[in-house]
Amino acid sequence: MREYAFELALCAHLESGDGSASAPGTDGLLARQLGAACHGSRVMDVVEVVPGPQFDDRVSLCPGSIPVPVLETDIGPGTARDPRRALDVHPDRVEGIVDAAVDAGYLDRERRDGCDLVRATGRYPAHWVGRLRGIENKPDLGRPGDLRRQLRTDVSLALLDEVVLATASHVTGAHLNRIPDAVGVWRFDPETGEREVVREPTPLDSDGPGVEPLDRRPGRTDIRVVPAAEKRVARRRLAERAFGKGWRPDAAAWPDCARVSVGECAGTGPVPDCPWKGRIVDPGSECGPACGGYEPGTAPEVDPAAARADAAPWDPDAGERRRQAGLGNFGSSE
Ligand code: SF4
C-alpha cells in the first residue's frame, strides 16, 4: 500500500477511537503534512493534538487557524487596537495576517476616528493543547528513505511531546536499533484497522531548548540551538494549523478527472479512489493531464468539513455557530 493511503487509513482509525482503553485512538484532533521545524524543513506526516483543559474553549472560539503573530500581541476582546502598532511583523505582512485572522473568525474589524482597528471575538485559551504527538508513516520499512535522519531531528529538536513511527512491516530488533530509543513504534494494518504498540514513545523535553540539525554536507552538519521561547511559538503555530487543516483531502484538491470516484476510509471518508489505478490516489502528486488515465471531467462534490463534523469526537462546528451568532447579534443591533 502506498504511503498516502496508509496515512489516510491510520488517521481514520485513530479518529474512530476516543482515547479510552476500549477504543484506543484520539479524543483530540488530527492533521496531516504539517511543518514541524523551527528553521529547517521537516514535515510531519500526522500531528495529533491531545486536548488540554481548555480544548472546548478553543473549539468554540472560532473555526479557523489563528495566525500566531496575532496571538503574540495584546489584541484581545477588550479594547480595539491598531494592528499596525500591535503586530510585531514587517508592515507589508500586517494586512495579510489580519485578513487571515478575520477569516478564521478570531478578529473583527471596526473603524473609529478614521482608523482601522481590530478586536478579538473572544479570549484565547492558552491551555487548549495538552500534548502534541507526531506520527511518521513508513508502511514499508524495507524502503526507509530518510527515516533515520528525520526521527533524529525530531528527537533532537523536541518540538513535539512525543514521536511515533507507524509501519505495516513486521518490526525486527534490527529495525528498532536503527531508530532513536525515544521514538515509539506502531504496527498498523490498514486493511483491518488493527494497531499493535510495538514500543511506547518516551516523552521529549518540549519545554526546554532544542537542537535542530540543518544543512548536511559530507562530514559536516550545521545545527542551530532553538531557545525554549521560540519552540513555544512554533508549537502554538503547529497546533493552530492542525486545528484548521484536519487530515482529510481538501475539496479543492480533488482532481477534475472523470475517472475519480468518492471512496470511503473506515467510514470517515471521503477519499479519492481511482478505478483506473485500482486504489486510493494522492491527487497532488498523481493526478492531472500527465497521468495516462486522465480523462477531463468535473471533480466530484465532496464535503470534508461535514465528514469531520460527523466523525470527530469533538464538535468542529461549534466555532462557526458562535461566529454566526455573533454576526446575528451585530445585525440585530443596527
Ligand atoms: S488523473 Fe489518473 S490517477 Fe487521477 S483519478 Fe484520473 S486516472 Fe486516476
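Quick caveat: nothing in here was measured; it's all calculated off a predicted structure.

The rules we used
Residues numbered from 1 in each chain as written. Predicted model: local features only at pLDDT ≥ 70, side-chain atom pairs only at ≥ 80, totals over all residues. Heavy atoms only, no water. Helix = DSSP H or I, 4+ residues; strand = E, 2+ residues; numbered from the N terminus. Expected span 1.5 Å × (residues − 1). Buried < 20%, exposed > 50% of the residue type's maximum accessible area, 1.4 Å probe, protein only. Pairing = 2+ DSSP bridges. Domains from an automatic or database assignment. Core = buried A, V, L, I, M, F, W, Y, C linked by side-chain atoms within 4.5 Å. Contact = heavy atoms within 4.5 Å. Near = heavy atom within 4 Å. Nonpolar A, V, L, I, M, F, W, Y, C, P; charged D, E, K, R; others polar. Salt bridge = Lys/Arg side-chain N within 4 Å of Asp/Glu carboxyl O. Axes fitted to C-alpha atoms, helices over the stretch in contact; angles between N-to-C directions. Arc of directions from axis to C-beta. Phe/Tyr/Trp six-rings, centres within 6.5 Å; stacked < 30°, edge-to-face > 60°. Lys NZ or Arg CZ within 6 Å of the ring centre and 35° of its normal.

Caption draft 1: Local environment of helix H1 (residues 3–16). The end-to-end C-alpha separation of H1 is 20 Å, in line with the 20 Å expected for 14 residues at 1.5 Å each. For H1, the buried fraction is high: twelve of the 14 residues fall into the buried class. Listed in full, the buried residues belonging to H1 are Tyr4, Ala5, Phe6, Glu7, Leu8, Ala9, Leu10, Cys11, Ala12, His13, Leu14 and Glu15.

Caption draft 2: Up close: the pairing of strand E3 (residues 107–112). When E3 meets strand E4 (residues 115–120), the two strands line up antiparallel, connected through six bridges. The residue bridging Arg112 from the neighbouring strand is Cys115, located in E4. From the end of E3 to the start of E4, which pair antiparallel, there are two residues, and Asp113 there has a positive phi angle of about 50 degrees.

Caption draft 3: Representation of the domain arrangement of the protein chain within the structure. Looking at the assigned domains, one finds that the protein chain contains domain 1 (3–56 + 126–245), domain 2 (67–120) and domain 3 (251–332). For domain 2 and domain 3, the distance between their C-alpha centres works out to 31 Å.

Caption draft 4: Region of the structure containing the nonpolar core. Among the nonpolar cores identified, the biggest contains 53 residues, and Leu29, Tyr106, Leu107 and Trp128 are the most heavily contacted of them. No other element matches helix H8 (residues 228–245), which puts five residues into this core. Apart from the residues within four sequence positions on either side, Leu107 is in contact with Val70, Ile75, Ala101, Val102, Val118, Arg119, Ala120 and Thr121. Listed in part, the 20 residues of the second largest apolar core include Ala5, Leu10, Ile135 and Trp186.

Caption draft 5: Looking closely at the site of the ligand. Close to the ligand lie Cys257, Arg259, Val260, Cys274, Trp276, Lys277, Glu286, Cys287, Gly288, Cys291, Gly293 and Tyr294. Looking at the shell around the ligand residue by residue, the classes come out as seven nonpolar, two polar and three charged.

Caption draft 6: Region of the structure containing the pattern of salt bridges. Enumeration according to the criterion identifies 28 salt bridges in this entry. Where Asp154 meets Arg42, a salt bridge forms, and the shortest distance between an N and an O atom there is 2.8 Å. A residue pair is termed long-range when its members are at least 10 positions apart, and Asp154 in helix H6 (residues 147–157) and Arg42 in the loop between strand E1 (29–35) and strand E2 (43–51) qualify at 112 residues. Exposure class is identical for Asp154 and Arg42. Each is buried. Across the salt bridge formed by Arg323 and Glu320, the nearest N and O atoms sit 3.0 Å from each other. Taken together, the residues Arg323 and Glu320, both in helix H11 (residues 318–332) and three residues apart, mark about one turn of the helix. Overall, the relative accessible area of 27% leaves Arg323 in the partly exposed class. Classification of Glu320 as partly exposed rests on a relative accessible area of 27%. Among the charged side chains, a salt-bridge network with shared partners connects Arg2, Lys277, Arg279 and Glu286.

Caption draft 7: Spatial organisation of unusual backbone geometry. Located in the positive-phi region is Gln33, a residue other than glycine, with phi close to 55 degrees. You can see Gln33 is positioned in strand E1. Taking the relative accessible area as the measure of exposure, Gln33 reaches 36% and is therefore partly exposed. The phi torsion at Asp113 lies on the positive side, around 50 degrees, for a residue other than glycine. Residue position: Asp113 is located in the loop between E3 and E4.

Caption draft 8: Summary view of the sheet that holds E1. Here we have six strands laid out as an open sheet, ordered E1-E2-E5-E6-E7-E8, and mixed in their pairing. Of all the strands in the sheet, just E1 and strand E8 (194–199) have a single pairing partner and so form its edges. Going across the sheet, the axis of each strand differs from the next one's by a mean of 30 degrees, ignoring polarity. Two strands pair when backbone bridges link them, and strand E5 (residues 129–137) and strand E6 (residues 162–167) are joined in this way by five bridges, in the parallel orientation. Bridging from a neighbouring strand, Asn137 pairs with Ala166 of E6. Relative to E1, H8 is tilted by about 120 degrees, and along the sheet it contacts E1, E2 and E5.

Caption draft 9: Representation of helix H10 (residues 304–311) in the model. Within the span of H10, buried status applies to Pro304, Ala307 and Arg308. One side of H10 carries all its buried residues, which in axial view fall inside an arc of 100 degrees. Residues of H10 that are buried sit in contact with E1 and H8.

Caption draft 10: Local environment of the packing of aromatic side chains. Within the structure shown, the criterion is met by six aromatic pairs. Taken together, a centroid distance of 5.7 Å and an interplanar angle of 75 degrees make the contact between Phe6 and Phe188 edge-to-face. Here Phe188 lies in strand E7 (residues 184–189) and Phe6 lies in helix H1, a separation of 182 residues in the sequence. Summarising the burial analysis for this pair, Phe6 and Phe188 share the class buried. Judged by centre distance (6.3 Å) and plane angle (80 degrees), the rings of Tyr106 and Tyr124 are edge-to-face. Remark: Tyr124 occurs in the loop between E4 and E5 and Tyr106 occurs in the loop between helix H5 (91–104) and E3; sequence separation between them is 18 residues. Across the pair, Tyr124 and Tyr106 agree in class, each one buried. Members of the aromatic cluster, joined through ring pairs, are Phe55, Trp128, Phe243 and Trp314. One Lys or Arg, Arg58, reaches over the ring of Trp128 and ends 5.8 Å from the middle of that ring.

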